Protein chains: 2
Amino acid sequence: MDVSRYRIEPGAPVDLMRWPTREDDGFGGGKKTARKQLVELSRRLGELQARLYAEGRQALLIVLQGMDTAGKDGTIRHVFRAVNPQGVRVTTFKKPTALELAHDYLWRVHRHAPARGEIGIFNRSHYEDVLVVRVHGLVPREVWERRYDHINAFEQLLADEGTRIVKFFLHISKEEQKERLEARLANPEKNWKFNPADLAERKLWDAYTEAYRVMLERTSTAAAPWYAVPADRKWQRNLIVARVLVETLEAMDPRFPKVDFDPRTIRVD
Amino acid sequence: MDVSRYRIEPGAPVDLMRWPTREDDGFGGGKKTARKQLVELSRRLGELQARLYAEGRQALLIVLQGMDTAGKDGTIRHVFRAVNPQGVRVTTFKKPTALELAHDYLWRVHRHAPARGEIGIFNRSHYEDVLVVRVHGLVPREVWERRYDHINAFEQLLADEGTRIVKFFLHISKEEQKERLEARLANPEKNWKFNPADLAERKLWDAYTEAYRVMLERTSTAAAPWYAVPADRKWQRNLIVARVLVETLEAMDPRFPKVDFDPRTIRVD
């Protein structure tokens, strides 16, 4: 499976209406094969993470964005199941606090950038500042309009200083969101995930789609590419994300550090 | 298996020379059975963590301490393998930075206390301030002598405000440490874990044992009990830690939150 086709090429126009939200059922050999592949990819991810941590020289930042119910939480749970929590730091960005709002919008984000050796996962991110903020007009157009450039510059800084960045837009259809919201209402153990405010957001579907489109066009860069991942089928979504991450980490090629002593000369008494 | 026997009762004298570093091989039904039990316990831990996160009202703080090579990293990797990294935050306390040293020793620790809904894992902790600091005399006796009381008061604060605390001392024998250090020297992929300074620390084994003993006696409280876990056998250690955590979380009894709307009345358009 070639996952590079989900990457948004820098500068290329994006048409989300034509971008798939699901592949056909034979994708990746079908659901059952895909599940087995995911187990293998997760295991491999665990191995690569152990090397990244031991090496302590590079960081990996993963950004997850998508409409409500797109599966950001589920992606983290499934793809990272074989990864040692010690080297992974998940940051869930919620509504900014008063302290956060008293600073520029990248301030709170920068604090959570992963350290060398770590994998940082952003569940939502600074991109909310050109998504929800844009859709609801929380700041004037001339303010959010400049943010795409800030963000590219910020991500370039991280990349230049040793952080590999990979960003996933989990792309679901409006029909799939309806089913997922209904599932949250139907299952008492999932009720708590339902927020009545989600319905108001759903009415803004087209405005969000446009905001995502512009985000993908303006902030997919060589240093920090976006992948627009078909996410109506959870198993397809997980497989694509896991494969992109394994390929990314393989390209980073983390290695167990060499030591500056000769192990054969040391005796433990 | 009754894991309460590994709990240090508040105020009881501790004799680490007599405290086991391993159980016999029939422990928990033997190694193979124990492995199966661990899979089941990890799964259960994952379920309970999902509830804790959803509930968002209580936190769990896990403290791991032990001699070098006692298995702090390995415990995290094995026991938390089925837990969603989104609700778990591991903090590895290293040598304090200049900024940290410019504050009291609990300052950096407090910042990393888990939020409601989270499981926080401390890989080393504020206890280093009555261990390495005491053994090496980094501050005068009258300074570290008062710290046991500070720590108990600090942990009482966390407990009173909604954080359950459980602390594990991973207890290995001096012989087992020798084998583990030698394994790090023999395996090129493990060389990086070997720090020649560990040999100097090993020479201070008895002083550390005494410091651990006093720590266990003075800081095992009803609000924040210590468990002294036989850790020469990794499978025994994992099984005990996992069981204590499952029992602790079951006692906390986290529940999916009730919602303040009637799900049946809501329609998704």
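None of the values given here were measured: they were computed from a predicted structure.

Caption draft 1: Spatial organisation of the pattern of salt bridges. Inspection of the entire model under this criterion finds 52 salt bridges over all chains. With a shortest N-O distance of 3.0 Å, Glu 217 of chain A and Arg 213 of chain A are connected by a salt bridge. With Glu 217 of chain A and Arg 213 of chain A both in helix H10 (residues 205-219), this residue pair falls 4 residues apart, about one helical turn. Across the pair Arg 43 of chain B and Glu 47 of chain B runs a salt bridge whose closest N-O atoms are separated by 2.4 Å. With Arg 43 of chain B and Glu 47 of chain B both in helix H1 (residues 30-55) and 4 residues apart, the pair spans about one turn of that helix. On the basis of relative accessibility, which here comes to 40%, the residue Arg 43 of chain B falls in the partly exposed class. Taken together, the shared-partner salt bridges in this structure form one network comprising Glu 40, Arg 43, Arg 44, Glu 47 and Glu 250 of chain A.

Caption draft 2: Highlighting helix H8 (residues 174-186) of chain A. All names here are of chain A. For H8, built from 13 residues, the straight-helix expectation of 18 Å at 1.5 Å per residue is met to within 8% by its first-to-last C-alpha distance of 18 Å. When H8 is considered as a whole, its buried residues turn out to be Glu 176, Gln 177, Arg 180, Leu 181, Arg 184 and Leu 185. Buried residues belonging to H8 abut helix H9 (197-202), H10 and helix H11 (234-252).

Caption draft 3: How the structure looks around the sheet that holds strand S3 (residues 119-123) of chain A. Residue and element names in this part refer to chain A. Spatially, S2-S3-S1-S4-S5 is the arrangement adopted by the 5 strands of the open sheet, whose pairing is parallel. Lying at the two open borders of the sheet, with one neighbouring strand each, are strand S2 (88-92) and strand S5 (226-230). Mean inter-strand twist for the sheet, computed between neighbouring axes without regard to direction, equals 20 degrees. Of the strands in this sheet, strand S1 (59-66), S2, S3 and strand S4 (163-171) are in contact with helix H2 (residues 72-79), which crosses S1 at around 140 degrees. This element, H11, spans S1, S3, S4 and S5 of the sheet and lies at about 170 degrees to S4.

Caption draft 4: A look at the interface of chain B and chain A. The partner chain A presents 36 residues to the 36 residues of chain B that form the contact. In terms of surface lost to chain A, no three residues of chain B exceed Gln 86, Trp 192 and Val 268 of chain B, which account for 21% of the buried area on that side. Our count for the chain B to chain A interface comes out at 2 salt bridges. A salt bridge links Arg 51 of chain A to Glu 189 of chain B; the shortest N-O distance between them is 3.3 Å. Summed over the shared surface of chain B and chain A, the result is 11 residue pairs in polar contact (both at pLDDT 80 or more). Looking at the side of chain B that touches chain A, the elements that each hand over two or more residues are H1, helix H2 (72-79), strand S2 (88-92), helix H8 (174-186) and helix H9 (197-202) of chain B. A class-by-class count of the residues in the side of chain B that touches chain A yields 20 nonpolar, 5 polar and 11 charged.

Calculation rules
Residues numbered from 1 in each chain as written. Chains lettered and ligands numbered in written order. Predicted model: local features only at pLDDT ≥ 70, side-chain atom pairs only at ≥ 80, totals over all residues. Heavy atoms only, no water. Salt bridge = Lys/Arg side-chain N within 4 Å of Asp/Glu carboxyl O. Helix = DSSP H or I, 4+ residues; strand = E, 2+ residues; numbered from the N terminus. Buried < 20%, exposed > 50% of the residue type's maximum accessible area, 1.4 Å probe, protein only. Expected span 1.5 Å × (residues − 1). Contact = heavy atoms within 4.5 Å. Pairing = 2+ DSSP bridges. Axes fitted to C-alpha atoms, helices over the stretch in contact; angles between N-to-C directions. Buried area = accessible area lost by both parts, 1.4 Å probe. Polar contact = N/O pair within 3.5 Å; in protein donor to acceptor, adjacent residues only side chain to side chain. Nonpolar A, V, L, I, M, F, W, Y, C, P; charged D, E, K, R; others polar.

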